[in-house]
Amino acid sequence: MNKRLLLPVIILSIFIYGCKTGRNSTRNQTTMADTTVMLKDSMDNVEAPVQDATPVSLINSDKAELKDKLLRWWNRDISFSTFKGKAKMHYEGMGMNQDFTANFRIANDSVIWIHITAGMGIVNVARMLVTPDSVYMVNYLQKEVTMMDINDINKLLPAPVDYSILQNLILGEVLDKKGTAIDVQNMGALYGLQMAHGGIMQKGVFNNSDSTLSVLQMRSSGNNGGINGTIQYGKYAPVVGLLFASERQVNIINNGRRYLLDMNFVSADFNEELNFPFSIPDSYTLKNY
């Protein structure tokens, strides 16, 4: 695996934006194409970028009750102390096509630990330790070490990311919960909430039967078309009283380049006692960005 792509694969090819792929949804018999059309139709009437200070609310009084409900769903947090999970991953982008396994450990709002293996778990690829202000990575294949401020990680990624976004991504929550509600939709089995924040238009589609997130779409503008994409969530199952999405399908188009990541969790547990083993071999080369 190319060392330049380790961080995008682990962190942001997982991340936000995408486009229609034709894959079938795993919930409510709604296809990715169908959902993307619904999202596109509702978002085409809003010009981007959207500035935080001047959003034009399309929400009238008869939608206020639905808006309040969806904002509660949008802003809710999983109450947990630790998380441990294992996911099978498939990545495509920049001419690469890779399968690997990611083991995740999280201490809520303080540490994210990621161990990447390949070849049925036999080959050590990388180990990462992410805190709210720093990123450390050991690349076992290249015998290199990367250390950087969290604010510098975007030098390697196709869209902005920070600690909270990465944690929310792994847990299957809305990635960026900040913003102003612009519109809501009642689509029968699905509810839609459209949010604007920091020049990004974001829309979540929720299953009204159980309030779980079905699709998250984001769009920004840029000199070469900006970023578009979707994360699709599926195979919800109870984990210690929580509904956890064990499948995530992520598609990103950034300035004309397409990235795909499938995440399939084979295990997930909360509130176990965990450690976060991380050491840097003396012989490895330090890489700075």
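Here the structure is shown first, and the text comes after it.
What comes next is a walk through the structure. Computed from a predicted structure; not experimentally measured.

Below, the discussion takes up the packing of aromatic side chains. This structure, assessed with the given rule, holds 9 aromatic pairs. Seen from their ring centres, Phe244 and Phe265 are 5.2 Å apart, and the 85 degrees between their planes marks the pair as edge-to-face. In this pair, Phe244 sits in strand 12 (residues 242–254) while Phe265 sits in strand 13 (residues 257–270), placing the two residues 21 residues apart along the sequence. With relative accessibility at 4%, the residue Phe244 sits in the buried group. Here the aromatic cluster, defined as three or more aromatic residues joined through ring pairs, consists of Phe80, Phe83, Phe104, Phe244, Phe265 and Phe270. Its guanidinium or amino end placed over the ring of Trp113, Arg105 lies 4.5 Å from that ring's centre, counting from NZ or CZ. Of note, Arg248 hangs over the ring of Phe244, and the distance from its end group to the ring centre comes to 5.1 Å.

With that settled, consider the nonpolar core. Among the nonpolar cores identified, the biggest contains 60 residues, and Phe83 and Phe104 are the most heavily contacted of them. The residues touching Phe83, leaving out its near neighbours within four places in the chain, are Phe104, Arg105, Ile106, Ile170, Leu171, Phe244, Phe265, Ala268, Asp269, Phe270 and Leu274.

This structure, assessed with the given rule, holds 6 salt bridges. When the shortest N-O distance is used, the salt bridge between Asp176 and Lys178 registers 3.0 Å. Here Asp176 falls in the buried class, since its relative accessible area comes to 16%. Across the pair Glu247 and Lys235 runs a salt bridge whose closest N-O atoms are separated by 3.6 Å. With Glu247 in strand 12 and Lys235 in strand 11 (residues 227–239), this residue pair connects regions lying 12 residues apart in the sequence. A relative accessible area of 15% means that Glu247 is categorised as buried. Beyond isolated ion pairs, a larger network of salt bridges with shared partners links Asp77, Glu173 and Lys177.

Along the polypeptide, Thr131 turns up in the loop between strand 4 (123–130) and strand 5 (134–139). For Thr131, a relative accessible area of 16% corresponds to the buried category. Polar contacts involving the side chain of Thr131 include one to the side chain of Asp133, which spans 2.8 Å. Not counting chain neighbours up to four residues away, the residues in contact with Thr131 comprise Ser110, Ile150 and Tyr163.

What counts and what doesn't
- Residues numbered from 1 in each chain as written.
- Predicted model: local features only at pLDDT ≥ 70, side-chain atom pairs only at ≥ 80, totals over all residues.
- Heavy atoms only, no water.
- Phe/Tyr/Trp six-rings, centres within 6.5 Å; stacked < 30°, edge-to-face > 60°.
- Helix = DSSP H or I, 4+ residues; strand = E, 2+ residues; numbered from the N terminus.
- Buried < 20%, exposed > 50% of the residue type's maximum accessible area, 1.4 Å probe, protein only.
- Lys NZ or Arg CZ within 6 Å of the ring centre and 35° of its normal.
- Core = buried A, V, L, I, M, F, W, Y, C linked by side-chain atoms within 4.5 Å.
- Contact = heavy atoms within 4.5 Å.
- Salt bridge = Lys/Arg side-chain N within 4 Å of Asp/Glu carboxyl O.
- Polar contact = N/O pair within 3.5 Å; in protein donor to acceptor, adjacent residues only side chain to side chain.

Function-wise, these values are silent; they only describe arrangement.
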